[in-house]
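Each chain, letter by letter, is given below.
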Amino acid sequence: LDRPPRLLLQPPLIAMKVFGVAILAFGLRSAAAAFEPCKAQDAFDIMMCKSHMCTDCALEWCMKSCQELQEKNPECRCEDWPATRASYSGGDFKGKGKVGDVGDYSRGTL
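Residues numbered from 1 in each chain as written. Predicted model: local features only at pLDDT ≥ 70, side-chain atom pairs only at ≥ 80, totals over all residues. Heavy atoms only, no water.

How should the packing of helix H2 (residues 41-49) against helix H4 (residues 60-72) be read in this particular structure?
For any two helices packed against each other, one specifies the inter-axial angle together with the distance between the axes. One way to put it is that H2 packs onto H4 with a least axis distance of 10 Å and a crossing angle of 160°. Classified by the interaxial angle, the pair formed by H2 and H4 is roughly antiparallel. Helix-helix and strand crossings are classified by hand; for H2 and H4 the assignment is left-handed. Contact residues: H2 offers Phe-44, Met-47 and Met-48, while H4 offers Cys-66, Leu-69 and Gln-70. Across the contact of H2 with H4, the residue classes break down as five nonpolar, one polar and no charged. (Axes fitted to C-alpha atoms, helices over the stretch in contact; angles between N-to-C directions. Helix = DSSP H or I, 4+ residues; strand = E, 2+ residues; numbered from the N terminus. Parallel < 35°, antiparallel > 145°, perpendicular 65-115°, else oblique. Left-handed = near helix turned anticlockwise from the far one by under 90°. Contact = heavy atoms within 4.5 Å. Nonpolar A, V, L, I, M, F, W, Y, C, P; charged D, E, K, R; others polar.)

Can you walk me through the state of the cysteines in this structure?
Among covalent bonds in proteins, the disulfide is the one between the sulfur atoms of two cysteines. This model, assessed by the stated rule, comprises four disulfides. Between the sulfur atoms of Cys-54 and its disulfide mate Cys-66 the distance is 1.9 Å. Negative torsions about the S-S bond denote left-handed disulfides, and the value of about -100° found for Cys-54 with Cys-66 makes this one left-handed. Taken together, the residues span a long stretch of sequence, with Cys-54 in helix H3 (residues 52-55) and Cys-66 in helix H4 at a distance of 12 residues. Accessibility classification places Cys-54 together with Cys-66 in one group, the buried group. If you count the bonded cysteines of the chain from the N-terminus, they pair up as 1-7, 2-8, 3-6, 4-5. (Disulfide = S-S within 2.5 Å. Buried < 20%, exposed > 50% of the residue type's maximum accessible area, 1.4 Å probe, protein only.)

It is not clear to me how H4 should be interpreted in this structure. Could you clarify?
The periodicity of an α-helix, 3.6 residues per turn, causes residues three or four positions apart to be oriented the same way. Compared with an ideal rise of 1.5 Å per residue, which puts 13 residues at 18 Å, H4 spans 18 Å between its outermost C-alpha atoms and is within 8% of the ideal. Lining the buried residues of H4 we find H2 and H3. (Expected span 1.5 Å × (residues − 1).)

For this particular structure, what's the right way to read H2?
Listing the buried residues of H2 in full gives Gln-41, Phe-44, Asp-45, Met-48 and Cys-49. The buried residues of H2 all sit within an arc of 105° when viewed along its axis, so they share a single face. Turned more than 90 degrees away from the buried face of H2, the exposed residues are Asp-42 and Ile-46. Looking at the buried residues of H2, the elements they touch are H3 and H4. (Arc of directions from axis to C-beta.)

Hey, could you run me through the packing of aromatic side chains in this one?
The tally for this structure, following the rule as stated, stands at one aromatic pair. With centroids separated by 6.5 Å and ring planes inclined at 85°, the aromatic side chains of Phe-44 and Trp-81 adopt a geometry described as edge-to-face. Note that Phe-44 is positioned in helix H2 and Trp-81 in the loop between H4 and helix H5 (103-107), a separation of 37 residues in sequence. You can call Phe-44 buried: its relative accessible area is 1%. Above the ring of Trp-81, the side-chain terminus of Arg-85 is found at 4.2 Å from the ring centroid. (Phe/Tyr/Trp six-rings, centres within 6.5 Å; stacked < 30°, edge-to-face > 60°. Lys NZ or Arg CZ within 6 Å of the ring centre and 35° of its normal.)

Here it is, written out as structure tokens:
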């Protein structure tokens, strides 16, 4: 039984490793991207990033107001948000999952 030499089987393995390292490097570079403030960053920080309304309030009014603020400033984000969070609604906030189609209303029991 003739077996192919080991060297013929290794190039695909090397290519996969190189590809994996390239993907990892790209992912780390994206995650480590520096925060870039938007034109209205000072006002956005006050109204979104540091306000009770958008950080601790669990009322529906707060959630809708913060979503509207984000819609008016789509290029803005808070500096302390994870790199993967691009907007207010894209992350965790106090009222998330508390209004709308959840609870008794979503089950049609009322």
